[in-house]
Structures are given as structure tokens and as C-alpha cells.
Amino acid sequence: MELDSARFDSTNLHPRAERQFPTDGVTRELVQFAQTREECQFGLIFGSYALGKRGRDIDVKFFVSGDVSAQCRSAYTSFVQRINEKIGAPPLTDEDVPFKYKVVLSERIIEKALNLVPFKCSRGLFIPMMEFSKSFLRSELCQMRTVLSAITTPHVVLVDRRGAYENIARKAARSLNVLISKVYGFDYQNEEEFFRCLTGQFEGRRPVEHLGYKSSPEHKQWLRDLMLWAHS
């Protein structure tokens, strides 16, 4: 399978983003679709597939320039729904973010996420508990939270047509570092404490109150590499 060669030319590209992943027909379809969408800045597979494992579904996001029209959103939604149906993924439940809101993210949403808008309050920064109400799962606030989660957990770059991935990935890692350091007082150099904060293993808080990090060795290694790369 040929991926966009432009992303392999950068020596500064986040090293963990180039891990090999299955070259099956579904993955090829994802790459081909991303390459046909002119507004697509970059696309990511994350979750089980990014770790080379077959999951119950395929988690994929496309980050686009400008805003997202209804027609554009419908194209991405229909495509990802079809892909998940092809692999036999179970239907979404009421506690899942609908495809319509989770597979394509606009430039405006990305920028707000990088500026930590979902975590700002009158007292500074905090990490609120995730809600699983229909209104929250369909909100821009939820979409903003998924930006940091997708970019700072294990993923594979599908396409990076305009070279936007490297810049946004660095900003996301640095924003995550600011968030954890302001909320808990640990930065990425305090590796164990930093990771515990992300996985909900700090102060007895549940993982649902954090950013979706799992406490696996793969997630920890990814985070270590990401932070060292972003702050170099």
C-alpha cells in the first residue's frame, strides 16, 4: 500500500506515527478516501487498529481545513459508517459519539481544542467528568475533547496532504502537558505521575474523568515518545 509520500520526507515527524499497520482492503479504502477529499488536512486511525490489533470497530478521524458543511459531513459520515458495517462492527449505542460528530473535525474545533477551551473555567483549568448524555455526545465541547484524545493516544497517519499533522501533533502534546501540569502539578518529565494522571490512576479518579488513556505499555511508550519529540 502506498501512503502519501510527503509525510515520510520529514525527519521531524513524530516517530511513533509511522508504525506499520495492516494493509488490508479496509485500510486502503480509508487512505484512498482521504486522498480524494481536498479539504482533508490529515486522517488518523487510532485505537486497536493503530496497535496492529483487530478491534470491534475502526476508530478514524479526518481533520479538515475551514468549516464542515452539511454535505461534507454527510460524505465522511456515510463512508465511515459503510466501512464499519463492512467489518461487522456493532451498532452505536446511546453512550457512543455518533459518526456524524466524531469522524470529521473542523479547523475551528481543532484550534479550540489546542487552546484547551474544553478545560477552562473561572479558576483556571480542570478536567471535568465525561458525560454520556445525548446532548453532550453531540456537542462541540465533546468534539474538542476528542481532538486531544485522538492525537495524543496511539494512532497511524492515513494521509497528510498539506503537512499539517506535524504542527498540530506538536501543539496537541504541548497543550496536554500544560493541562496536566496546571491541574495536577506534574509535567511530562515526571513520567510516572504524568501518565497516572492521564489514565485516572491519580487521586482515585476514574478514567472516564480523563482523556481516554489506557494504562497499557503501548500507550505509555507512545506518550513518552510523543512528549520527548514535541518538546525537543
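Residues numbered from 1 in each chain as written. Predicted model: local features only at pLDDT ≥ 70, side-chain atom pairs only at ≥ 80, totals over all residues. Heavy atoms only, no water.

Can you walk me through the packing of aromatic side chains in this structure?
Any two aromatic rings considered together are summarised by their centre-to-centre distance and by the angle between their planes. Taken as a whole, this structure holds seven aromatic pairs when the rule is applied. Between F33 and Y76 the ring centres are 5.2 Å apart and the planes differ by 90°, which places this aromatic pair in the edge-to-face class. Separated by 43 residues along the polypeptide, F33 in helix α1 (residues 25–36) and Y76 in helix α2 (residues 70–86) bring together distant segments of the chain. Taking 5.5 Å as the distance between ring centres and 80° as the angle between the ring planes, the aromatic pair formed by F42 and Y165 counts as edge-to-face. Taken together, the residues F42 in strand β1 (residues 40–46) and Y165 in helix α7 (residues 164–184) connect sequence positions 123 residues apart. Residue class for F42 comes out buried when judged on its relative accessible area of 0%. Taken together, the aromatic side chains of F33, F62, Y76 and F79 make up a single cluster linked through ring pairs. In this structure, R123 is placed above the aromatic ring of F126, and the distance from its NZ or CZ to the ring centre is 5.9 Å. In this arrangement the basic side chain of R170 is found over the ring face of W229, its NZ or CZ atom lying 4.2 Å from the centre. (Phe/Tyr/Trp six-rings, centres within 6.5 Å; stacked < 30°, edge-to-face > 60°. Helix = DSSP H or I, 4+ residues; strand = E, 2+ residues; numbered from the N terminus. Buried < 20%, exposed > 50% of the residue type's maximum accessible area, 1.4 Å probe, protein only. Lys NZ or Arg CZ within 6 Å of the ring centre and 35° of its normal.)

Explanation requested: helix α9 (residues 217–230) in the structure shown.
Helical periodicity: at 3.6 residues per turn, an α-helix aligns residues three or four positions apart in one direction. Helix length check: α9 (14 residues) gives 20 Å between terminal C-alpha atoms against 20 Å at 1.5 Å per residue, within 8%. Buried residues of α9: H219, W222, L223, D225, L226, M227, W229 and A230, and no others. Packing partners of the buried residues in α9 comprise α6 (140–152), β6 (155–159), α7 and α8 (191–199). (Expected span 1.5 Å × (residues − 1). Contact = heavy atoms within 4.5 Å.)

Hey, could you run me through the nonpolar core in this one?
A general feature of soluble globular proteins is that nonpolar side chains tend to end up buried together. If you look at the biggest cluster of nonpolar residues, it comprises 41 residues, and the most contacted ones within it are F42, F63, I151, I180, F194 and L223. Of all the secondary-structure elements, those providing two or more residues to this core are β1, α4 (107–114), α6, α7, α8 and α9. For this core, the element with the most residues is α7, which contributes ten residues. Once residues within four sequence positions are removed from consideration, F63 is found in contact with E39, C40, Q41, F42, L44, L105, I110, V147, A150 and I151. (Core = buried A, V, L, I, M, F, W, Y, C linked by side-chain atoms within 4.5 Å.)

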